[in-house]
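Commentary on secondary and tertiary structure
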Amino acid sequence: MSDNRPRRTFAVISHPDAGKSTLTEALALHARVITEAGAVHGKGGRRATVSDWMEMEKARGISITSAALQFDYRDHVVNLVDTPGHSDFSEDTYRVLSAVDSAVMLVDAGKGLEPQTLKLFKVCALRGIPVITVINKWDRPGLAALELMDLIEQQIKLRPTPLTWPVGEAGDFRGVLDRRTGEFVKYTRTAGGATRAPEVRMPAADVGEADLAVWQDAVEEHELLSADDADHDQEQFLAGRTTPVMFASALQNFGVAQLLELLLDLAPAPHATPGVDGSVREVSDDFSAFVFKVQSGMNAAHRDRVAYARVVSGEFDRGMIVTHAATGRPFATKYAQAVFGRELSSIEHAYPGDIIGLVNAQALRVGDTMYVGDRIEFPPVPSFAPEHFMTATAADIGRYKQFRRGIEQLDQEGVVQVLRSDLRGDQSPVLAAVGPMQFEVVQERMTNEFNSPIRLSRLDYQLARRTDAAGATALSGARGCEVLQRSDGTYLALFVDKWRAGTTARDNPDVMLEELPAGGS
Ligand code: G4P
């Protein structure tokens, strides 16, 4: 391989508002990818607008898109895969997690563990993704550090192993005790946090009079933690049994440099990945990659459709011919891009852990594998239980062609799940979403991008169970229930409520009715 620098591919995840955008900017700033904090996310007016490509995003100030930011740090290449912030788009977040080797979980020191924090921790556990926990906003009053550690241990069943420990309680952030060296890392505020935050490392003996009392508190708690066996253990971390913890203020740039160092030192590098048939692709094998996200409308002028793929093995060279595992067809990769926000730039080469954006690759769907050499197909990206259902109809019947094309495209991107049945026909498919905001995206894009405004009408179903063709037959005509088929072939039985799902299962013991992983809010 011509670029054998080690890779770190990770995502920052959190409950909305914990500081994900702020930390992303701070990390990028620290690595000097962007010259001024604010060039990455479009939020709150203060920041410039690179990723707010949809009008709706601008209006709501949320980031719906996902892309990857690549930067060099020390002698490593770091790929920060961005995740959407709103909980309605959690399905997207889960897809992104299939493309990373580790995750940085941000916890708001004032709020502790929030609903999305718990769900995301669960998904990481399920997928075997090691998590580094960052307690953020330590510059503001919040919970006690030891209390936060207890919450993680009790509610997530993950042993927190702090690498740094705050000096000064939340709201009085003087710095941290580096638990591995015993040094005091002292922070000094800079105006607006827009530049690198000065931090001074000093041995315990040099801690000044002003900080001495809080320093001694920190030392005591650090010793308590050690006595309680809460020291970092790399093997346990990689096995997903412990989570290293750091304390930070993303807004002040406190702890950001340490986080980057930790990622390089502790987070796993890209590793071998098993295929559906049990064969394993080593990173040094021939090129292979899988698509974890498909998105269009990145650029209002072009309406490009970009399939994001993570390189699993081998070297990617722009223009190489790869095989699309789903169809067995060859596929040219002339238009490969490195994508972040709205900026596209051609990439020539990519390596395991890197994210490539393939422009206008119409055949590619989420979960698809591409490879060179020996055939490989990676397991599908899991989909989540929809909880909201609407029928969609073209508002103007003369635009039915555009309507079909738009629905098909949004289906392929995974913006919503599209369900059909013979009974309902193709004129008004059922759209199924994990969160209701997905419907707004559909409506917006159908109008502005596909020129086919739609009418949505709510269906009275609340939950879905997975069934099969036999189940579809057995349940036809059953009350409070309807079976439809998703475009990936999965049969979903929709129920008006939990009670009806329960009685139907009891009355039809031979029918498969499986729960799907819960994702929504
Ligand atoms: P998100 O992407 O996770 O949703 O969170 P985001 O970074 O947008 O941060 C949410 C709010 O929390 C922002 O304030 C941000 O400035 C603030 N914040 C982030 N990190 C810290 C921190 O370390 N300390 C403090 N005190 N605040 C932090 P906002 O007023 O909602 O937005 P803005 O107008 O400042 O952008």
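Residues numbered from 1 in each chain as written. Predicted model: local features only at pLDDT ≥ 70, side-chain atom pairs only at ≥ 80, totals over all residues. Heavy atoms only, no water.

Notes on the overall build of the protein chain
Applied cut-off: By the criteria applied, helices consist of DSSP H or I runs no shorter than four residues and strands consist of E runs no shorter than two, each listed in order from the N terminus. In this description, contact between two residues means that some pair of their heavy atoms is separated by no more than 4.5 Å.
Summing up its helical and strand segments, the protein chain has 12 helices and 31 strands in all. Taking the contacts inside the protein chain whose residues are at least 6 apart along the sequence as the reference set, 69% of them involve residues at least 24 apart.

Considerations on the nonpolar core
The following threshold applies: Note on terminology: a nonpolar core comprises buried Ala, Val, Leu, Ile, Met, Phe, Trp, Tyr and Cys residues joined through side-chain atoms within 4.5 Å. Each residue is assigned to one of three classes by its accessible area relative to the maximum for its type, calculated with a 1.4 Å probe on protein chains only: buried under 20%, partly exposed between the two thresholds, exposed over 50%. For each domain, the first and last residues come from an automatic or database assignment.
Among the nonpolar cores identified, the biggest contains 60 residues, and Leu97, Ile135, Trp138 and Phe247 are the most heavily contacted of them. No other element matches helix α5 (residues 145-156), which puts 5 residues into this core. When residues of this core are assigned to domains, at least three fall in each of domain 1 (7-266) and domain 2 (273-371). With sequence-adjacent residues up to four places away left out, Ile135 is seen in contact with Val107, Ala109, Leu148, Met149, Val245, Met246, Phe247 and Ala248.

Description of helix α10 (residues 437-448)
This is how the line gets drawn: To estimate the expected span of a helix, subtract one from its residue number and multiply by 1.5 Å.
With 12 residues, α10 ought to run about 16 Å at 1.5 Å a step, and its terminal C-alpha atoms sit 17 Å apart, in line with that. Taken as a whole, α10 has its buried residues at Met437, Gln438, Phe439, Val441, Val442, Glu444, Arg445 and Met446.

Section: helix α8 (residues 256-266)
With 9 of 11 residues buried, α8 is to be regarded as a mostly interior element. Of the positions making up α8, those classed as buried are Val256, Ala257, Gln258, Leu259, Leu260, Leu262, Leu263, Leu264 and Leu266.

Describing the site of the ligand
Selection criterion: We call a residue near a molecule or strand whenever a single non-hydrogen atom of that residue lies within 4 Å of it. Any pair of nitrogen or oxygen atoms within 3.5 Å is treated as a polar contact; in protein, a donor-acceptor pairing is required on top of that, and neighbouring residues in sequence qualify only through side-chain atoms on both sides. Only the protein chains shown count as cover for residues, and the accessible areas themselves come from Shrake-Rupley with a 1.4 Å probe.
Residues in contact with the ligand amount to 18 residues; listed here are only the nearest, Asp17, Lys20, Ser21, Thr22 and Asp139. Here an oxygen atom of the ligand sits 2.5 Å away from a polar atom, N or O, in the side chain of Thr22. A distance of 3.2 Å is found between an oxygen atom of the ligand and a backbone nitrogen or oxygen belonging to Leu251. Look at the ligand: alone it shows 700 Å² of surface, and the protein chains cover 77% of it. Tallying contributions element by element places helix α1 (residues 20-30) first for the shell around the ligand, with 3 residues.

Focus on the packing of α1 against α8
Keep this limit in mind: Axis angles are defined between N-to-C directions and span 0 to 180 degrees, where every axis is a line fitted to C-alpha atoms and, for a helix, only to the segment in contact. With respect to orientation, any angle under 35 degrees is reported as roughly parallel, any angle over 145 as roughly antiparallel, any angle of 65 to 115 as roughly perpendicular, and every other angle as oblique. Asp, Glu, Lys and Arg are counted as charged, while Ala, Val, Leu, Ile, Met, Phe, Trp, Tyr, Cys and Pro are counted as nonpolar; the rest, among them Gly, fall into the polar class.
Put simply, α1 and α8 touch, their axes get as near as 9 Å, and they point 75 degrees apart. Considered as vectors, α1 and α8 are oriented roughly perpendicular to each other. Contacts between α1 and α8 pair Leu23, Ala26, Leu27 and His30 from the former with Val256, Ala257, Leu259 and Leu260 from the latter. Per-class residue counts for the contact of α1 with α8 are 7 nonpolar, 1 polar and no charged.

Points about the packing of helix α9 (residues 400-413) against α10
Geometry of a packed helix pair, given as the angle between the helix axes and the separation of the axes. Inclusion rule: Crossings are classed by handedness, with left-handed meaning an anticlockwise turn of the near helix from the far one by less than a right angle and right-handed meaning a clockwise turn.
Put simply, α9 and α10 touch, their axes get as near as 10 Å, and they point 135 degrees apart. In terms of orientation, α9 and α10 fall into the oblique class. Where α9 crosses over α10, the handedness of that crossing is right-handed. The residues of α10 that touch α9, namely those facing Gln402, Phe403, Gly406, Ile407, Leu410 and Glu413, are Val442, Arg445 and Met446. Its residues assigned to classes, the contact of α9 with α10 shows 5 nonpolar, 2 polar and 2 charged.

Comments concerning the packing of aromatic side chains
Going by this rule: Each Phe, Tyr or Trp ring, with Trp reduced to its six-membered ring, pairs with another whose centre is within 6.5 Å; inter-plane angles below 30 degrees give stacked pairs, above 60 give edge-to-face pairs, and intermediate values give tilted ones.
With the rule as written, the count across this model stands at 11 aromatic pairs. With 6.4 Å between their ring centres and 85 degrees between their planes, Phe389 and Tyr461 make a pair best called edge-to-face. In this pair, Phe389 sits in strand β24 (residues 388-394) while Tyr461 sits in the loop between β27 (454-458) and β28 (463-467), placing the two residues 72 residues apart along the sequence. We note that Phe389, like Tyr461, is buried. Aromatic rings pair up to connect Trp138, Trp165 and Phe247 into one cluster.

Section: the sheet that holds strand β3 (residues 76-81)
For clarity, the threshold we go by: Any two strands between which DSSP finds at least two bridges are classified as paired.
Ordered in space as β2-β3-β1-β4-β5-β11-β6, the 7 strands form an open sheet in which the pairing is mixed. Edge positions in the open sheet fall to β2 (68-73) and β6 (159-162), since each of these has one partner strand only. When the angles between neighbouring strand axes are averaged without regard to direction, this sheet yields 30 degrees.

Quick word on the side chain of Ser14
Relative to the elements of secondary structure, Ser14 occurs in strand β1 (residues 7-14). On the accessibility criterion, Ser14 (6% relative accessible area) is buried.

Quick look at the pattern of salt bridges
The condition that has to hold: When a carboxyl oxygen of Asp or Glu is within 4 Å of a side-chain nitrogen of Lys or Arg, the pair counts as a salt bridge.
Enumeration over the complete set of coordinates arrives at 21 salt bridges. Two residues, Arg179 and Asp231, come together in a salt bridge whose shortest N-O distance is 2.6 Å. Taken together, the residues Arg179 in the loop between β8 (175-178) and β9 (184-187) and Asp231 in the loop between α6 (212-227) and α7 (234-238) connect sequence positions 52 residues apart. With a closest N to O distance of 2.7 Å, Asp426 and Arg420 form a salt bridge.

Remarks on unusual backbone geometry
Of note in this structure, Lys137 is not a glycine but carries a positive phi near 65 degrees. In this fold, Lys137 is placed in the loop between β5 (131-136) and α5. Given the relative accessible area of 18%, Lys137 is considered buried. Here the phi dihedral of Lys157 falls at roughly 60 degrees; this positive angle occurs in a residue that is not glycine. Here Lys157 lies in the loop between α5 and β6.

Some details on the sheet that holds strand β10 (residues 199-202)
The strand order across the open sheet built from 4 strands is β7-β8-β9-β10, with neighbouring strands paired in antiparallel fashion. The sheet is open, and its two edges are formed by β7 (164-167) and β10, each paired on a single side. Along the sheet, successive strands turn relative to each other by an average axial angle of 25 degrees, direction set aside. Pairing analysis gives 4 bridges linking β9 to β10, with the strands arranged antiparallel.

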